[in-house]
Amino acid sequence: LRVGRVGPVLPAILGLLLTSGLLLGWASHIPEVGVGGDEATYVSLSYSIQSGHYRNDFLQGEPPHVKYPPGVPLMIAIVRAVAGPNLEFVRALNLVAAMLAALLIGDALRLLRLPWVGIGATATIALNPTLLSTAGTLLSEASFGCALAITLWAALRADLTESNRWRVVAAVAALGSF
């Protein structure tokens, strides 16, 4: 695929932007679990998933949880099972997901023959203070945004290459956003 080819300068700029976004996001994240929002609920539900059900364990006799889909609690449970109980690994994964979304949106614009607009979009996303403040948390925004970016990027690649493989990737990512 030779659409919107770039020289060596653009990848270097992208690397600098994404690294800056990761460092700024990590420096500004809060390492405690917030109790006023959804973080505590997600963590509690991740423990519930690990014990074989999906309910609020702190409320006796509760039916299965229905407010949130199990995607984020399942991701937290998997990361904790692989990397240990420290939730910083989940926060780091969310930051990486946010930067991957920034990269894919920028690359989608490159594929549309707009490489410098792609750099601008990547910078806008990767260095956005609001995005960085939510990406360093246990919330669903970063993983949802990443799933949407993968969906859009793969759908564009499917259209440009007429490849069913990219259509499947787009469909799986779209389903993963739920």
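Remember, predicted model here, so these are calculated numbers, not experimental data.

Peer 1: Explain the confidence of the model for the chain to me, using residue names and the numbers behind them.
Peer 2: As a general rule, the predicted coordinates of low-pLDDT regions are not to be interpreted in detail. In the predicted model, the chain carries a mean pLDDT of 90, and 97% of its residues have values of at least 70. Taken element by element, the predicted model of the chain shows its lowest mean pLDDT in helix 2 (residues 39-50) (91) and its highest in helix 7 (residues 141-161) (96).

Peer 1: So, the packing of helix 1 (residues 9-28) against helix 4 (residues 88-111): which residues are in play, and what are the values?
Peer 2: Between helix 1 and helix 4, the least distance of the axes is 10 Å, while the angle of their chain directions is 150°. The angle between helix 1 and helix 4 falls in the class roughly antiparallel. Of the two elements, helix 1 crosses helix 4, and the hand of that crossing is right-handed. Of helix 4, the residues touching helix 1 (which contributes Leu14, Leu18, Gly21, Leu22, Gly25 and Trp26) are Glu88, Arg91, Ala92, Leu95, Val96, Met99, Ala102 and Leu103. Residues of the contact of helix 1 with helix 4, tallied by class, amount to ten nonpolar, two polar and two charged.

Peer 1: Explain the packing of aromatic side chains to me, using residue names and the numbers behind them.
Peer 2: The way to describe two aromatic rings as a pair is by their centre distance and the angle between their planes. Tallied over the entire structure, the rule returns two aromatic pairs. Relative to Trp166, the ring of Trp153 lies with its centre 5.1 Å away and its plane at 80°, an arrangement referred to as edge-to-face. Of this pair, Trp153 sits in helix 7 while Trp166 sits in helix 8 (residues 164-176), and the two are 13 residues apart along the sequence. The two residues Trp153 and Trp166 agree in class, both being buried. The cationic tip of Arg80 hangs over the ring face of Tyr47; the distance from NZ or CZ to the ring centre is 3.7 Å.

Peer 1: With reference to specific residues and values, describe unusual backbone geometry.
Peer 2: Look at Arg113: it is not a glycine, yet its phi comes out positive at around 70°. Assignment of secondary structure puts Arg113 in the loop between helix 4 and helix 5 (115-126). With phi around 55°, Glu162 is a residue other than glycine that occupies positive phi space.

Peer 1: Describe the layout of surface pockets, and please don't skip the residues or the numbers.
Peer 2: Regions of empty space are outlined by a rolling probe, equal in size to a water molecule, passed over the atoms. Estimates place the volume of the largest pocket at around 410 Å³. In terms of lining, the largest pocket is formed by 19 residues, of which the most central are Gly71, Val72, Ser143, Phe144 and Gly176. Elements with a contribution of two residues or more to the lining of the largest pocket: helix 3 (71-83), helix 4 and helix 7. With five residues, helix 4 is the single largest residue contributor to the lining of the largest pocket. Taken together, the residues that form the lining of the largest pocket break down as 13 nonpolar, six polar and no charged.

Parameters at a glance
Sequence order sets the numbering: in each chain, residues are counted from 1 along the sequence as written. At least 70 in pLDDT is required for a residue's local features to be given in this predicted model, at least 80 for side-chain atom pairs to be given and counted, and no such filter applies to totals for whole chains, interfaces and linings, which use all residues. As a convention, hydrogens and water are excluded, and side-chain values are obtained from all of the structure's heavy atoms. The pLDDT value expresses, per residue, how confident the predictor is, ranging between 0 and 100. Only DSSP runs of H or I covering at least 4 residues are called helices, and only runs of E covering at least 2 are called strands; the numbering of each starts at the N terminus. Angles here are taken between N-to-C directions and fall from 0 to 180 degrees, while the axes themselves are lines fitted to C-alpha atoms, restricted in helices to the stretch in contact. Should an angle lie under 35 degrees it is considered roughly parallel, over 145 roughly antiparallel, and from 65 to 115 roughly perpendicular; all remaining angles are considered oblique. Rotating anticlockwise by less than a right angle from the far helix to the near helix defines a left-handed crossing, while the corresponding clockwise rotation defines a right-handed one. Every residue pair with non-hydrogen atoms within 4.5 Å of one another is taken to be in contact. Each residue gets one of three labels, nonpolar for Ala, Val, Leu, Ile, Met, Phe, Trp, Tyr, Cys and Pro, charged for Asp, Glu, Lys and Arg, and polar for the others, Gly among them. The pairing test for Phe, Tyr and Trp rings, Trp by its six-membered ring, is centres within 6.5 Å, and the orientation test on the planes gives stacked under 30 degrees, edge-to-face over 60, and tilted for anything in between. Three labels apply to residues, based on accessible area from a 1.4 Å probe with only protein chains included: buried if under 20% of the type maximum, exposed if over 50%, partly exposed otherwise in between. Any Lys NZ or Arg CZ found within 6 Å of a ring centre and within 35 degrees of that ring's normal is scored as a charge over the ring. For cavity detection a 1 Å grid was placed over the protein atoms alone, and a set of points counts as a cavity when a 1.4 Å probe fits there but cannot get out; an open set counts as a pocket when protein lies on both sides within 12 Å along at least five of seven lines, with lining residues being those that have an atom within 4 Å of a point. Grid points are joined across faces, edges and corners, and a volume is the space filled by probe spheres set on the points.

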